[in-house]
Amino acid sequence: MIDQILTASVLASAIRLATPYIFAGLGETFGQRSGVLNLGVDGIMLMGAFAAFYTVFTTQSLLLGVLAALLVGLLLGLATAFVSVTLKAEQGISGIGFYLFGLGMSELLYQKLIGTPKSVTGFPPLAIPGLSDIEFLGIGQIFFRHNLLVYLAFALVPISAFILNRTTFGLKIRAVGQNPEAADAMGVNVARVRYMTVMLGGLMAGLAGASLSIALLNVFQQNLTSGLGFIAVALVYFGRWRPVGVLLGALLFSFVNALQLQASVIAPNIPSEFAVMAPYAITIIALVFASKQTEKPTALTKPFERGE
Amino acid sequence: MNFRPSAVTLVFFKTFANSLLNAWPLLLAIAAAAAAASLLLLALNANPIQAFSSMLQGAFGTTNATAETLVKAIPVLFVAIGICVAFRGGVVNIGGEGQMIAGAVAGVTAALTLGPIITFGPLLIALCLVCGFLAGALYGGLAGFLKAYFNVNEILSTIMLNQVAVQMMNFLLNGPLLDPAELGTNHIPKTARIVQWAELPRLSLSLGDNFELFTRTRLHFGLVLGIILAIVIYVLLWRTTIGYRIRAVGQNERASRYAGINVRRQIVLAMFLAGGIAGLAGVVQVLGLQYRLQTDGSPTGFTGNAGFNGIVAALFGGLNPLGAIPASVVFGGLLVGAQKMQRDLGVSAALITAINGLIVVFVVSSQYYIRQRARRRLAAPTSPAAAAAERPAAAAALEQQA
């Protein structure tokens, strides 16, 4: 059975399916490190996915599709930041509001503008010359025959880690998330840093949506993400607020997802419902094990108010 | 006869004026949501006034429409009451959907297995309700337990538990609980019909031939149960020590701990109650409306999104179980009215989901200003004595020496 689980095609699809988790999870990491929990990721992803799909559907331009998703993500990130930073709303609940908005709005627009199930030509696989031909352990097939967004997602992991840990901006983000009073006293504009991280998170969530609708699935339907954005938020806890941790979590989940797609072949006796259930159940277990949370940003979900 | 306001009317008037003053952020939120809805409708090439009047017609235009509105309001009301308990206890329970499913599965199983044995209807119904409550309570309590003892974020755990519950229900309805009459390849996922004496009675009033209310509609006894439950939970939250402890933890966890309250226990209890009440929503839906458990396979196939709408209604009702009653009716009206709007104007009923989201955002955003107002009122010294009391003791001592 093990040779059926670890085939090159399962592993390759695990790598591919990790893309939306990585984009959304990295974006959420920035927000949470600065002290803002954005629970509306799934809604932003849906809106981004629709924007990308509709743009590609009408213009056939993948670049414009990605740009549309980024723009929608950025705007929704701005709205999220306004509500949680400026209006200081309870972040858990307002995030659910944004989720419901994105869920309803993307369906509404889909019904209005497209209506019947359609598909688009998404990002084609891009074999990296030389590397993609490595036969040894199927490495070429597993790692080097993916579409552009997959490579981008993996490249963003070290870049995010670098920004967070080695740049002044990253230092400010961490300071604002750990001790906003001290950061404020040192002259850091807490609100501005949080606006920037939450908007960046929105941007990445939009991209995550695009990676589903114009790269991995190439379709759009009501509730396309089916809760993937919430898993991405959980991955940030699981990954201890570190980009590399998020990557590992994303790979774990995409591997489970890839297996789930093959479940009827690998283990035909298991009812398909249990295969679908697996990622969600594993998320709960993962959260229990990630619960020490000594590295959790101290100011997470706490709006900053200057003492008078 | 000239009118002289007595002291009682004055007090009443003052409270009324005060509550109006306190309600303005909520009213503002409603206005903002209506404005946003109008803009959306305009963008969709629909006339907002036409859309709203179509919705109003669809929701309350006829007796049958009103009955359907109330029918839709029932599960929303139950979930909203539960959400009040959880949110007042400082636990953000997003798991209404899953808890409702857990309750419905347990309730329908009880009805199917006990139905042939217990022929006394009220007892059978009570047993089904208890089973549904317990199942929902355990499912909700699990998230509370994980939060209290393992520090697991309850928002994330309840969302995941929702998905697990949906799949579990789909599995059961396609296998162990499938209606034997449906055995075959192309079956509809549903259980067998429950026995007749397990059904909640219909709610209708007819006085002779001239006055009839809600006859021949689907309105059922669940509405009465929901209103009774709202009153019970209101009393529990504001008139008992159990409720006091739950609310204390929700207000200030650290202070509660110093006051000797077992914070962890209150968190589990709040989620246990919230889950149980959401579970009742599921049972009542089975016993009162569908007479079986069935779904279309989609995540909201059974619940009709009541688990999420209940959150919106609870926030709308000011996290007060009594406020949840009118709020749920409004939401039932939105859901039923949206279907007519979809038929009349061709605007997808998904608009309501989007508007619900905006309402949540607006209501939660306005709460900050309510808190600020309360804080300012506390901070302002009310009398010279109070001002003196706030002065540092050392300054007062210096004054006395002089």
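Each chain has its residues counted from 1, following the order in which its sequence is written. By the order in which they are written, chains take letters starting at A while ligands take numbers starting at 1. Two thresholds apply to this predicted model, a pLDDT of at least 70 for residue-level local features and 80 or more for giving and counting side-chain atom pairs, whereas whole-chain, interface and lining totals are computed over all residues.

This part takes up the overall build of chain A. Secondary structure elements are defined from DSSP: runs of H or I of at least 4 residues count as helices, runs of E of at least 2 residues count as strands, and each element is numbered from the N terminus. Secondary structure summary: chain A contains 13 helices and two strands in total. Radius of gyration here is computed from C-alpha atoms only, and the compact-globule reference equals 2.2 Å multiplied by the residue count raised to the power 0.38. Here the C-alpha radius of gyration of chain A, 19 Å, is about what a compact globule of 308 residues would show, namely 19 Å. By its C-alpha atoms, chain A is 65 × 45 × 40 Å across when sized along the principal axes. With C-beta atoms placed from the backbone, a residue is labelled by how many other C-beta atoms lie within 10 Å of its own: buried for 20 or more, exposed for 12 or fewer, partly exposed between the two. Per-residue burial for chain A yields a buried fraction of 54% across its 308 residues. The contacts of chain A with a sequence gap of at least 6 include a subset with a gap of at least 24, amounting to 78%. It is the C-beta atoms, placed from the backbone, that decide contacts: two residues are in contact if theirs lie within 7 Å.

Before going further, it helps to spend a moment on the overall build of chain B. On a plain count of helices and strands, chain B comes out with 15 helices and two strands. By the burial criterion, 50% of the 402 residues in chain B qualify as buried. A separation threshold of at least 6 residues defines the contact pool for chain B, and within that pool the share at least 24 residues apart is 77%.

Bringing the interface of chain A and chain B into the picture now. On the side of chain B, 37 residues touch chain A, which itself brings 40 residues to the contact. When residues of the side of chain A that touches chain B are traced back to their parent elements, those giving at least two are α5 (91-113), α11 (228-238) and α13 (272-289) of chain A. Counting residues per element, the side of chain A that touches chain B draws most heavily on α5 of chain A, which supplies 16 residues.

Nonpolar cores are identified as sets of buried Ala, Val, Leu, Ile, Met, Phe, Trp, Tyr and Cys residues joined via C-beta atoms within 7 Å. Of all hydrophobic cores here, the largest spans 231 residues; its most connected members are Phe78 and Ala80 of chain B. If we ignore the near neighbours within four places in the chain, the residues touching Ala80 of chain B are Gly310, Ala313, Ala314, Gly317, Ala324, Ala327 and Ser328 of chain B.

A few words now on unusual backbone geometry. Unlike most non-glycine residues, Asn218 of chain A shows phi in positive territory, near 60 degrees. Phi at Asn45 of chain B is positive, roughly 70 degrees, even though this residue is not glycine. Within the secondary structure layout, Asn45 of chain B lies in the loop between α1 (7-43) and α2 (48-60). The class for Asn45 of chain B is exposed, based on 10 C-beta atoms found within 10 Å.

What follows deals with α13 of chain A. Helix span, as expected, comes to 1.5 Å for every residue beyond the first. Spanning 18 residues, α13 of chain A covers 26 Å between terminal C-alpha atoms, matching the ideal 26 Å at 1.5 Å per step. In the structure, α13 of chain A departs most strongly from a straight axis at Ala278 of chain A, where the bend amounts to approximately 40 degrees and where the proline Pro279 of chain A lies between one and four residues downstream. The set of residues buried in α13 of chain A consists of Ala275, Met277, Pro279, Tyr280, Thr283, Ile284, Ala286 and Leu287 of chain A. Residues of α13 of chain A that are buried sit in contact with α11 and α12 (243-266) of chain A together with α6 (154-174) of chain B. The bend at a residue is defined as the angle formed between two axes, one fitted to the seven residues ending at that residue and one fitted to the seven starting there.

Attention now goes to the packing of helix α3 (residues 63-88) of chain B against helix α11 (residues 306-316) of chain B. Residue and element names in this part refer to chain B. Contact geometry for α3 and α11: axes closest at 7 Å, N-to-C directions at 60 degrees. Between α3 and α11, the crossing angle belongs to the class labelled oblique. Along this stretch, α3 crosses α11, giving a crossing that reads as right-handed. On the side of α3, the interface is formed by Pro75, Val76, Val79, Ala80, Ile83, Cys84 and Phe87, while α11 contributes Ala306, Gly307, Asn309, Gly310, Ile311, Ala313 and Ala314. Lines fitted to C-alpha atoms define the axes here, with helix axes fitted over just the stretch in contact, and angles between the N-to-C directions of these axes take values from 0 to 180 degrees. Between 65 and 115 degrees an angle is taken as roughly perpendicular, under 35 as roughly parallel, over 145 as roughly antiparallel, and anywhere else as oblique. The handedness criterion is simple: a crossing whose near helix is rotated anticlockwise from the far helix by less than a right angle is left-handed, and one whose near helix is rotated clockwise is right-handed.

Residues and elements named next belong to chain B. The terminal C-alpha atoms of α2, which comprises 13 residues, lie 18 Å apart, in line with the 18 Å expected from a rise of 1.5 Å per residue. All of the buried residues in α2 are Ala51, Ser54, Met55, Gly58 and Ala59. Along the long axis of α2, the arc covered by the buried residues comes to 125 degrees, so they all point the same way. In this description, the arc belongs to the directions extending from the helix axis to the C-beta atoms.

Right, let's get into the packing of helix α4 (residues 96-114) of chain B against helix α5 (residues 121-150) of chain B. Residue and element names in this part refer to chain B. Contact geometry for α4 and α5: axes closest at 7 Å, N-to-C directions at 145 degrees. The hand of the α4/α5 crossing is right-handed. Mapping the contact onto sequence places Gly98, Gln99, Met100, Ala102, Gly103, Ala104, Val105, Ala106, Gly107, Ala110, Ala111 and Leu114 in α4 and Leu124, Leu127, Cys128, Cys131, Gly132, Phe133, Leu134, Ala135, Gly136, Tyr139 and Gly140 in α5. Taken together, the residues that form the contact of α4 with α5 break down as 16 nonpolar, seven polar and no charged. Asp, Glu, Lys and Arg are counted as charged, while Ala, Val, Leu, Ile, Met, Phe, Trp, Tyr, Cys and Pro are counted as nonpolar; the rest, among them Gly, fall into the polar class.

With that settled, the discussion passes to the confidence of the model for chain B. Per-residue confidence from the predictor is given as pLDDT, running between 0 and 100. Mean pLDDT over chain B: 86, with 88% of residues reaching 70 or higher. Here residues 383-402 of chain B is modelled with pLDDT under 50, and outside its nearest four sequence neighbours on either side it reaches four contacts, counting other chains as well.

All names here are of chain B. With respect to the helices and strands, the residue Gly323 is situated in helix α12 (residues 321-345). Separated by 243 residues in sequence, Gly323 and Ala80 place their C-alpha atoms 9.7 Å apart. Residues contacting Gly323, with those up to four places away along its chain left out, are Gly317 and Gly318.

Bringing the environment of Thr58 of chain A into the picture now. All names here are of chain A. Secondary-structure assignment places Thr58 in helix α3 (residues 41-59). With 13 C-beta atoms packed within 10 Å, Thr58 lands in the partly exposed category. Residues Thr58 and Val120, spaced 62 residues apart in sequence, show a C-alpha to C-alpha distance of 9.6 Å.

This paragraph deals with the environment of Pro116 of chain B. All names here are of chain B. Mapped onto the secondary structure, Pro116 falls in the loop between α4 and α5. Given 8 C-beta atoms within 10 Å, Pro116 falls into the exposed group. Separated by 79 residues in the primary sequence, Pro116 and Val195 have C-alpha atoms spaced 7.6 Å apart.

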